[in-house]
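Understanding the architecture of this molecule
The chain contents come next:
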Amino acid sequence: MLFKIVIIALMIFMVYNLFRALLLMNKKPTPNQPSMTKYIGRRLMLSVAIVVLLLIGLLTGLITPNPRPY
């Protein structure tokens, strides 16, 4: 159960970073604001981390995939 909570938390943080990048894209740039690529890069790294965690979870048996239809 903890494994699934971690995956969901990472997905929520990924969506948060996506919206932060969207807000920066729509605002006028100021000299001291972080660039949009910072948030997009975080989102990419979180996506990779989620895929790796899902693969580890499947291989270790922490999560089970849906059965294939017949």
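Use the structure listed above.
Quick look at the structure, then. Bear in mind that the values here come from a model prediction, so they are computed numbers and not experimental data.

1. Here we look at the overall build of the protein chain
When helices and strands are counted, the protein chain shows 2 helices and 0 strands. Taking 11 Å as the expected radius of gyration for a compact globule of 70 residues, we find that the protein chain reaches 17 Å, considerably beyond that expectation. When contacts within the protein chain are restricted to residue pairs at least 6 apart in sequence, long-range pairs at least 24 apart make up 58% of them.

2. Examining helix 2 (residues 36-60)
In a regular helix each residue adds 1.5 Å, so 25 residues correspond to 36 Å; helix 2 covers 36 Å between its end C-alpha atoms and thus fits that length. In this structure, the buried side of helix 2 is in contact with helix 1 (2-26). Looking at the residues trailing helix 2, positive phi occurs at glycine 61, about 90°.

3. Brief notes about the packing of aromatic side chains
Aromatic ring pairs are reported here in terms of the distance separating the ring centres and the angle at which the planes meet. By the definition in use, this model includes 1 aromatic pair. Both rings, one in phenylalanine 13 and one in tyrosine 16, keep their centres 6.0 Å apart while their planes meet at 20°; by these two values the pair is stacked. With phenylalanine 13 and tyrosine 16 both in helix 1, this residue pair falls 3 residues apart, about one helical turn.

Scoring rules and cut-offs
Residues numbered from 1 in each chain as written. Predicted model: local features only at pLDDT ≥ 70, side-chain atom pairs only at ≥ 80, totals over all residues. Heavy atoms only, no water. Helix = DSSP H or I, 4+ residues; strand = E, 2+ residues; numbered from the N terminus. Rg over C-alpha atoms; globule rule 2.2 N^0.38 Å. Contact = heavy atoms within 4.5 Å. Expected span 1.5 Å × (residues − 1). Phe/Tyr/Trp six-rings, centres within 6.5 Å; stacked < 30°, edge-to-face > 60°.

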